[in-house]
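# Residue-level structure breakdown
If you want the building blocks of each chain, they are given just below.
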Amino acid sequence: MHRVISCAGIVGALALTILAAPAAAADAEHGREVFKACVACHTEKPDAIGPSLKGVVGRGSGAVEDFRYSNAMKRANLVWDEANLRDYIANPQAKVKGNRMPYSGLNSANDLDDVVAYLKTLK
């Protein structure tokens with residue numbers, strides 16, 4: 001009985017240590033590298049295919065003036081917080097059905113975190 005309690009105590013202490021450990025920080029520099037695939041459409045040029053993502057974190061969906069958004073994006077009524085950005089970048093059509101972004105999504109959770117960390121630097 002004494003041995004079982006000791007093992008349970010060790011397992012419990014290990015679980016608390018793992019849960020208390022900080023999550024790996026997102027890497028904005030790596031996010032910038034991943035984002036390079038996005039600059040084909042998302043630039044500061046007035047004739048860009050996609051809207052500028054400068055200042056996107058905290059902005060409402062469909063809010064860049066002079067950009068022609070799809071009706072789906074205009075109606076989405078999202079605020080681009082970290083969770084919405086992750087969901088959208090992972091699967092744009094699932095997050096905003098009928099949007100025009102021709103992108104199938106990003107699968108890696110680490111890449112998603114890193115891209116969102118990079119987008120937060122674009123002010």
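Let me sum up the structure you'll find in this document. (Residues numbered from 1 in each chain as written. Predicted model: local features only at pLDDT ≥ 70, side-chain atom pairs only at ≥ 80, totals over all residues. Heavy atoms only, no water.)

## Some words on the packing of aromatic side chains
What characterises a pair of aromatic rings is the spacing of the ring centres plus the angle enclosed by the ring planes. The final tally for this structure, using the stated rule, is three aromatic pairs. Ring geometry for Phe35 and Tyr118: centres 5.3 Å apart, planes at 50°, overall tilted. Of this pair, Phe35 sits in helix H2 (residues 28-35) while Tyr118 sits in helix H6 (residues 109-121), and the two are 83 residues apart along the sequence. For Phe35, a relative accessible area of 6% puts it in the buried group. (Phe/Tyr/Trp six-rings, centres within 6.5 Å; stacked < 30°, edge-to-face > 60°. Helix = DSSP H or I, 4+ residues; strand = E, 2+ residues; numbered from the N terminus. Buried < 20%, exposed > 50% of the residue type's maximum accessible area, 1.4 Å probe, protein only.)

## Things to note about helix H4 (residues 82-90)
Each α-helix turn comprises 3.6 residues. Residues three or four places apart therefore point the same way. Buried within H4 are the following residues: Asn84, Leu85, Tyr88 and Ile89. For H4, the angular spread of buried residues about the axis comes to 125°, placing them on one side. Looking at the buried positions of H4, the neighbouring elements they touch are helix H3 (71-76), helix H5 (92-95) and H6. (Arc of directions from axis to C-beta. Contact = heavy atoms within 4.5 Å.)

## Some words on the packing of H4 against H6
It is the contact of H4 with H6, at a shortest axis distance of 10 Å, that shows an interaxial angle of 125°. Our classification of the angle between H4 and H6 gives oblique. Note that H4 runs across H6; the crossing there is right-handed. Residues Glu82, Leu85, Arg86, Ile89 and Ala90 of H4 pack against Leu112, Asp113, Val115, Val116, Leu119 and Lys120 of H6. (Axes fitted to C-alpha atoms, helices over the stretch in contact; angles between N-to-C directions. Parallel < 35°, antiparallel > 145°, perpendicular 65-115°, else oblique. Left-handed = near helix turned anticlockwise from the far one by under 90°.)

## Here's the deal with the nonpolar core
Trp80, Leu85, Ile89 and Leu119 are the most contacted members of the largest nonpolar core, which totals 20 residues. Taken together, the elements giving at least two residues each to this core come down to H2, H3, H4 and H6. By residue number, the principal contributor to this core is H6, which donates five residues. (Core = buried A, V, L, I, M, F, W, Y, C linked by side-chain atoms within 4.5 Å.)

## Comments concerning the pattern of salt bridges
Taken as a whole and assessed by the stated rule, the structure comprises six salt bridges. Lys120 serves as the salt-bridge partner of Glu82, at 2.7 Å between the closest nitrogen and oxygen. Taken together, the residues span a long stretch of sequence, with Glu82 in helix H4 and Lys120 in helix H6 at a distance of 38 residues. Classification of Lys120 as partly exposed rests on a relative accessible area of 36%. Two residues, Arg86 and Asp113, come together in a salt bridge whose shortest N-O distance is 2.6 Å. Of this pair, Arg86 sits in helix H4 while Asp113 sits in helix H6; the two residues are 27 residues apart in sequence, bridging distant segments of the chain. When its relative accessible area of 26% is taken as the criterion, Arg86 is described as partly exposed. Residue classification places Asp113 among the partly exposed residues on the basis of a relative accessible area of 26%. Each member of the salt-bridge network shares a partner with another, and the members are Glu82, Arg86, Asp113 and Lys120. (Salt bridge = Lys/Arg side-chain N within 4 Å of Asp/Glu carboxyl O.)

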